[in-house]
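Here is how the chains run, residue by residue.
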Amino acid sequence: MRSKSTSNSNTHSNSLSRQLGLYFVLAIVFVAGLLLALNQLAGLMATATQEAQAVDFANNSISAVLREEPPQLDSSKATDSTSGLVLGHIMEGLLRMDLQDRLSPAIAERWEVTPTHATFWLRKDAKWSDGKPISAADFIFAWQLALKPETGSEYASLLYPIENAEAINTGKLPASALGVSAPDPHTLVVELTRPIAFFDKLVVFPTFLPIREDFYNSTQGRFGSDAKDLLYSGPYTIKSWVHGASMLLEHNPHYWDNNRGKLAQINFAYITSDATATLNFFKDERIALARLQAENLTEALRLKWPIRRFADGTVFYLEFNHREDHLSRNLNFRKAIQHALDMEELVYKVTKLPGYLPGKSLFPEWLIGVEKTLREEYPASTVTVDSAKARAYLALAKEELGLAEFPEITLLTSDNPVSNIQSEWLQEVLKQTLGLTIKIDKQIFKQRLAKMSSGEFGLLLAGWGPDYNDPLTFGDLFASWNLNNRGRYKSEEMDALIATAQNATATPDRMKAFGAIQQQLFDDVVILPMYERGVTYVVHPQLKGVKRRVIGAETDYTYAYIDPDA
Amino acid sequence: MLRYTLKRLVLGILTVWFIATATFFGMHAVPGDPLSNDKSTTAQIRANLEAKYGLDKPLLTQYAIYLKNISQGDFGISFTQENRKVNDIIKEHFPISAILGILAIVFAALGGILWGALTALYRNRWPDSVIMFLVILGISVPSFVIAAISQMFLVNINALAGTTVLPVGGWGTVWHMIVPAMVLGLSTMAYLTRLMRSSMLEIVSTDYIRTAQSKGLPKTRIFSRHQLRNAILPVVTVLGPAIAGITTGGFVVEIVFAIPGLGRYFVEAIQQLDYTVIMGTTVFYGAFLVFMVILVDLLYGWIDPRVRINP
Amino acid sequence: MSEQTSTSWQPSASDFASKPKHQTAEAITRPAMSYWQDAWRRLKENKRALFSLYLIIGLVTFTLAGPYLWTIDPSAQDLDQIGMAPGADRNVTIAPAYQPWYGPTDDQAYANDNALGLTLVGNATSQAVRLAWRGNDYDQANYGYKIYRTLFPLDAGDAFGLPLMESKNHYFEDRLDLQPTDYYYTVVALDSQGVETDQFATLKLTVKRVITVLEAQKRGLTKNGPVTEGEQIKLALHPFGTDYLGRDMLARLIYGGQVSLFIGIFAPLLYVLLGVIYGSIAGFMGGAVDQLMMRFADFAVALPFLLFMILLKVIFGIGPGESGVLPMLVAMVILLWPAPARLVRGQILQIREEGYVSASQLLGAKTNYLVFRHMVPNTMGVILVTITFQVPSAIFTEAFLSFIGMGVAPPTPSWGSMCNDGIKSMLTRPHELFFPALFISITVLAFNLLGDGLRDALDARMRNRE
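In this text, all values refer to a predicted model and were calculated from it rather than measured experimentally.

A. Quick look at the overall build of chain B. Helix and strand content of chain B: 12 helices and zero strands. Tracing chain B from N to C terminus, the helices and strands come up as α-α-α-α-α-α-α-α-α-α-α-α. With the C-alpha coordinates aligned to their principal axes, the bounding extent of chain B is approximately 85 × 60 × 30 Å. Every one of the 311 residues in chain B was classed for burial, and the buried ones make up 61%. For chain B, the proportion of contacts with a sequence separation of at least 24, taken over those separated by at least 6, is 74%. In the structure as shown, chain B presents an accessible area of about 12300 Å², 69% of it carried by carbon and sulfur atoms. Side chains of chain B give 24 positive and 16 negative charges; the mean places of these two sets differ by 16 Å.

Shown next as structure tokens:
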């Protein structure tokens, strides 16, 4: 029967295949019609992205990518880096960092910090995007807003140095009790609860940005959710915002500083977190800047793209669990691991990402000390990797802990590719050198955070990025009261040093305290610094003046301009 | 028919309610908490946040409040996209995923049916082998690889042509839809091709076909009227959930091609434990799925009269 | 009138004797075969199905017997051969241990052929490349230099490549990912503002791969006797290349296959089986039972997969770093049965109306018998296709789950997770993605062909034909 049917289909296959062919054609016509209809539909929805061009000299505009939809453009509540990036372009506060990363005047022309007060004198020509002048009252309103308990601002604690701030945030006092006053519309006086030498560095943070009261109230709870629900104090305004798809920034004509905001338009034309896709957009000349990963490096070199590098400010370290019931509370155990792991091997051979520096200290290289960098003035102690010594320390630890065999140790890590590589390397090295069995506990974001807070780990791959440009943002991490001290390391000496660093007014005293903190972190092997992260990226050769920042807008286009002859 | 449809709709609402309840309690049972962040906050700030989002109330109270809200059509405000209501998120992004999904299904269905019929026709000859080879490739290679490769391909084509032949990503015109939809529909198309082929081959040897042949009906008529129509049935069965599946499963394509669809939000919401978005999208998709299934069942009855819908 | 024959025919006794039986028409030419025996016979005769069967047996043997034949540890990291393609050069020279370098000695001689006097100090090895330079012609104050590196020759006006470091020193040591290939280093002088001037120098050099004696011992290369400095030896052989941590691909494929084949075969088998039973009962019963069962299936499908996987992981109490293969299997079965159930139900709804079903019922067949003996086998085609198509899907789902911490824990490999890892370096090191994908494709192909053959073999209508 089988042979029969084949011969049947042979003789009739012509007519059948013609029939089938007809169906194919009908299908194509149908699809074409459907596409046309859908085109109309898509055009109706306001999600059309303009055809982005990386660098457009005629229109003085560039286009770039946002890694995610900015979750929060209300500056009193913003915490993440993407929101920080956008806010860095559309808003300006009392002070800002200039191209050389020094504190410089912004809306405040000059300022003064004393042990009891911080005073800011605002310039008279600073205006909002609707033309009205920016006054001290706008800052007062914004700070009160951030402190109100019902706002739920996560960074309200940055304002605690201000008199009564903490009481307001805990609901004990009304917002009007905040220790800030405006003797006249262009002077802002801040009362400090205790001497804080670096208060001026704090006010660069987005939580301190101004918000105008009447505008805020007019948005009826929708402040920051759309382009029309924002009032702009910076070099750019948001002209159009298509959620999840794109954001178009346009130069703010009311902005006071002519040296900033030279580009007429910045088009964040795509929102995606995929690095390969971003690079494809760059290749296709749709965006002017893209991050490179190690895998694309060869391709970038072959195409002779201009490559840049910058340290993004984050330090990554191996955190030990110092709680009672964990092995890592034993100093010799930690020393054993310290002598077994070669961070240079990790950075140079394993992760191989250019721009990464092998970790030597909790304090990254770029922190300024008194005159030079903190690390130049207080060099970090290091250890030479030595497997024999490591094993000796381990044997000591074994004795002290009274163990016959070492149990399994859990290494808590996240699900991203770089931590994968590191954790697998760590696991193998510790097995080969010390005979320890490490179990890798891979968790995605929230589950990992839950375990970190509750201390369910033996070892933890952790990282920390700075909030403000002062060593204290790293220095106070291992205070016994700091919730970010996940391993719950407790030491009176450390707490005392941190208190000095917080309260001393003379910079040399503070830097000395930081040097001592660094030394204690090393002697006690509180953590093992792994590396300081760097980013390599490619830029369109005609785009100049792009500033990468460690604090604030990660990529700052406000000083950028197009050079058509490059 | 009408009674049947009404009954199905009532059952459907019940099903959606079950889905919502299971997801609500499942979501709260998962370790981790939506308010936690890389940097821990003080106890006070934490308490402020909890009060703001209503997480400080007992679980059953939260459940009751939530049900009341959904019955009024309010899905709440997203935890991560702090200024956007979930209703708005769904309203703005679902149509995009839907369009992408519909196009992908159309490609998959038409392609599957036609390629499958082709392979059945030329069984064991070279078109069969070639198509089967492509089918195997289509399902053995994971979707993100196909997406990445096709985007790379587009970049190279654009570079060679010196102009934009097809956009490499983004959304807005029909040209933006074509490649992502094809990538999205590829594995379903492979499955449907195979299903169709198998189905056709079985039908070839059935009695009624032989009867029709011996009665002298023209081959083409048998082919389209009888074989195709009956072979399509398993394909239709699969289509209902496939449509729902493709609209949720599109997130890989959405990320690679930077398309602002709902699939991305859904996946990120689960990772971020954004309770309101998880609930909103799950309930919405659940309702969509239930509706699709009802539609497919009705379609089934229409295609195959023998399948009597038992009221 | 004809003469009447005197002898008319008279029946005799012999006429009533029984005839010898002619059995030719009813001779049994071959022994009777049952349904299954017939199916097996037809399967064996199908060349493609047979081929696929051998393929599957081959794959299973590969994963089970492999570890005994190829004894390299799949988690051993050969850090000197990270991401090596198969067949890459394995030569290496033994060198003394690495000593930190603090700059050139005072009597360092500088090259004269470039503006800055850029010279290579010592040998260029994979341990370190050391460069020193005199400085630009008119620098009184040292404003610093920027050092770049690239893999391709530089023409005038080209970008210099990867920026490695900015430094005030007149020397630099590079240790970043040095491969045995040609490199082009460029040193550019900076002005007082930190901007690059047009004073620069480029140097081409070739890096030689080296390891120290200690490292050779660690990697097990000294088994044939101790090694001395300056000796050239070969690094370990990796026939399929290595991955991003220098682990042997072949070993990982073997071990990975154990997990992937186990999950890829058993998970679909189980949940399709569950789906078939569920769907056929629902389809046959019809009415309210059918509605309720199907609505429950809708419910199971609409639940967010990832969320409930995390939940199940917690419920099963999988500890960190433990391999939760069985719980993963259970979880996949729990969440994935609705699709086959719906499919089979649809088929059953059709078949229910066939003539032979009513005939069977009239003959007194019980429901069990009807459903499982008559109706399900007639849906075999659809079922088999579904099973074979779920194989790669299960493999990739397993990879995804391992990614979120359910399933196999690192460093245990699986084909799906190897694919995941290989995607990142798809362009530069395609072998990392190619081999696991190839094995998955072969598995899928084998199951497809087998499925086809099975469907033909089990098709009752084909019985007794040809």
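B. Quick peek at the pairing of strand S11 (residues 265-271) of chain A. Residue and element names in this part refer to chain A. The buried fraction of S11 is high, at six of seven residues. Pairing geometry for strand S2 (residues 61-66) and S11, over six bridges, is parallel. The partner of Ala64 across the bridge, within S11, is Phe268. Sheet topology note: the strand S10 (residues 246-251)/S11 ladder contains four bridges and is antiparallel. Looking at the pairing, Leu249 lines up with Ile266 of S11.

C. Region of interest: the sheet that holds strand S5 (residues 162-167) of chain C. Residues and elements named next belong to chain C. In spatial order, the strands read S5-S4-S7-S8; together these four strands make up an open sheet with antiparallel pairing. In this open sheet, the two strands that pair with only one neighbour each are S5 and strand S8 (196-206). Mean inter-strand twist for the sheet, computed between neighbouring axes without regard to direction, equals 20°.

D. Structural detail: the sheet that holds strand S6 (residues 117-122) of chain A. Residues and elements named next belong to chain A. Reading across the sheet, the four strands line up as S5-S6-S8-S7 and stay open at both edges, with antiparallel pairing between neighbours. Looking at which strands have only one partner, the edges of the open sheet turn out to be strand S5 (108-113) and strand S7 (180-181). Strand contacts of helix H3 (residues 136-147): S6, S7 and strand S8 (187-191), with the helix running at about 35° to S8, the strand carrying the most contacts.

E. Structural context of the interface of chain C and chain B. Counting residues at the interface gives 51 residues for chain C and 58 residues for chain B. Roughly 4900 Å² of surface becomes buried between chain C and chain B when both sides are summed, with 67% attributable to carbon and sulfur atoms. Broken down residue by residue, the surface that chain C buries against chain B is led by C:Leu307, C:Gln350 and C:Phe389, which jointly contribute 13%. Here chain C is connected to chain B by zero salt bridges. Between chain C and chain B we count three residue pairs in polar contact (both at pLDDT 80 or more) in total. Mapped by element, the contributors of at least two residues to the side of chain C that touches chain B are helix H5 (287-302), helix H6 (305-315), helix H8 (338-351), helix H11 (380-403), helix H12 (415-424) and helix H13 (431-458) of chain C. Counting residues per element, the side of chain C that touches chain B draws most heavily on H13(C), which supplies nine residues. Grouping the constituent residues of the side of chain C that touches chain B by class yields 25 nonpolar, 12 polar and 14 charged.

F. Geometry of the interface of chain A and chain B. With 78 residues of chain A at the interface, the matching set in chain B holds 72 residues. For the pair chain A and chain B, the summed buried surface comes to about 6400 Å²; carbon and sulfur atoms form 60% of the total. At the junction of chain A with chain B, the criterion picks out one salt bridge. Of the charged contacts, one joins B:Arg84 and A:Glu69 as a salt bridge, the two residues approaching to 3.9 Å between their closest N and O atoms. For the pair chain A and chain B, the number of links is 10 residue pairs in polar contact (both at pLDDT 80 or more). Here the side of chain A that touches chain B gets 20 residues from one element, more than from any other, and that element is helix H1 (residues 2-44) of chain A.

G. View of the nonpolar core. One finds A:Trp143 and A:Phe199 to be the most contacted residues of the largest nonpolar core, which totals 376 residues. The element contributing the most residues to this core is helix H4 (residues 86-121) of chain B, with 21 residues. Of all hydrophobic cores here, the second largest spans eight residues; its members include C:Ala216, C:Val227, C:Ile233 and C:Leu235.

H. Here's a closer look at helix H2 (residues 43-53) of chain B. Among the residues making up H2(B), those that are buried are B:Ile45, B:Asn48 and B:Leu49. Down the axis of H2(B), the sector holding all buried residues measures 95°, keeping them to one side. Contacts made by the buried residues of H2(B) are with helix H4 (165-169) of chain A. Within two residues after H2(B), B:Gly54 carries a phi angle of roughly 75°, on the positive side.

I. Highlighting the packing of aromatic side chains. Under the defined criterion, the tally for this structure stands at 47 aromatic pairs over all chains. Their ring planes at 70° and their centres at 6.3 Å tell us that B:Phe94 and B:Tyr285 sit as a pair that is edge-to-face. Here B:Tyr285 lies in helix H12 (residues 275-303) and B:Phe94 lies in helix H4, a separation of 191 residues in the sequence. Take B:Phe94 and B:Tyr285: they sit in the same class, and that class is buried. Residues C:Trp133 and C:Tyr145 carry aromatic rings whose centres are separated by 5.5 Å and whose planes lie at 75° to one another, so their mutual orientation is edge-to-face. Highlighted residues: C:Trp133 in the loop between strand S3 (129-132) and strand S4 (145-150) and C:Tyr145 in strand S4, separated in sequence by 12 residues. C:Tyr145 carries the same exposure label as C:Trp133, and that label is buried. One aromatic cluster is present, built from ring pairs that chain together B:Trp17, B:Phe18, C:Tyr278, C:Phe296, C:Phe299 and C:Trp337.

J. Seen up close, the pattern of salt bridges. Tallying each qualifying case throughout the model produces 44 salt bridges over all chains. We note a salt bridge from A:Asp470 to A:Arg510, for which the minimum N-O separation is 2.9 Å. Pair noted here: A:Asp470 is in the loop between strand S17 (459-464) and helix H15 (472-475) and A:Arg510 is in helix H17 (residues 507-523), with a separation of 40 residues, a long-range link. The pair formed by A:Asp470 and A:Arg510 is uniform in burial state, with each residue classed as buried. A salt bridge links C:Lys146 to C:Glu196, with the nearest nitrogen and oxygen atoms 3.9 Å apart. Of the two residues, C:Lys146 is situated in strand S4 and C:Glu196 in strand S8; the sequence distance between them amounts to 50 residues. Each of A:Glu92, A:Arg96, A:Asp257 and A:Arg260 takes part in salt bridges that share partners, so that together they form one network.

K. Representation of the packing of H12(B) against H5(C) in the model. Relative orientation of the contacting elements H12(B) and H5(C) amounts to 140°, with a least axis distance of 10 Å. In terms of axis orientation, H12(B) runs oblique to H5(C). Classified by chirality, the crossing of H5(C) by H12(B) is right-handed. For the pair formed by H12(B) and H5(C), the contact residues are B:Thr282, B:Gly286, B:Leu289, B:Val293 and B:Asp297 on the first element and C:Arg295, C:Asp298, C:Val301 and C:Ala302 on the second. Its residues assigned to classes, the contact of H12(B) with H5(C) comprises four nonpolar, two polar and three charged.

About the thresholds
- Residues numbered from 1 in each chain as written.
- Chains lettered and ligands numbered in written order.
- Predicted model: local features only at pLDDT ≥ 70, side-chain atom pairs only at ≥ 80, totals over all residues.
- Heavy atoms only, no water.
- Helix = DSSP H or I, 4+ residues; strand = E, 2+ residues; numbered from the N terminus.
- Buried < 20%, exposed > 50% of the residue type's maximum accessible area, 1.4 Å probe, protein only.
- Contact = heavy atoms within 4.5 Å.
- Areas by Shrake-Rupley, 256 points an atom, 1.4 Å probe, with all protein chains shown as cover.
- Lys, Arg positive; Asp, Glu negative; His and termini not counted.
- Charge placed at Lys NZ, Arg CZ, Asp CG, Glu CD.
- Pairing = 2+ DSSP bridges.
- Axes fitted to C-alpha atoms, helices over the stretch in contact; angles between N-to-C directions.
- Buried area = accessible area lost by both parts, 1.4 Å probe.
- Salt bridge = Lys/Arg side-chain N within 4 Å of Asp/Glu carboxyl O.
- Polar contact = N/O pair within 3.5 Å; in protein donor to acceptor, adjacent residues only side chain to side chain.
- Nonpolar A, V, L, I, M, F, W, Y, C, P; charged D, E, K, R; others polar.
- Core = buried A, V, L, I, M, F, W, Y, C linked by side-chain atoms within 4.5 Å.
- Arc of directions from axis to C-beta.
- Phe/Tyr/Trp six-rings, centres within 6.5 Å; stacked < 30°, edge-to-face > 60°.
- Parallel < 35°, antiparallel > 145°, perpendicular 65-115°, else oblique.
- Left-handed = near helix turned anticlockwise from the far one by under 90°.

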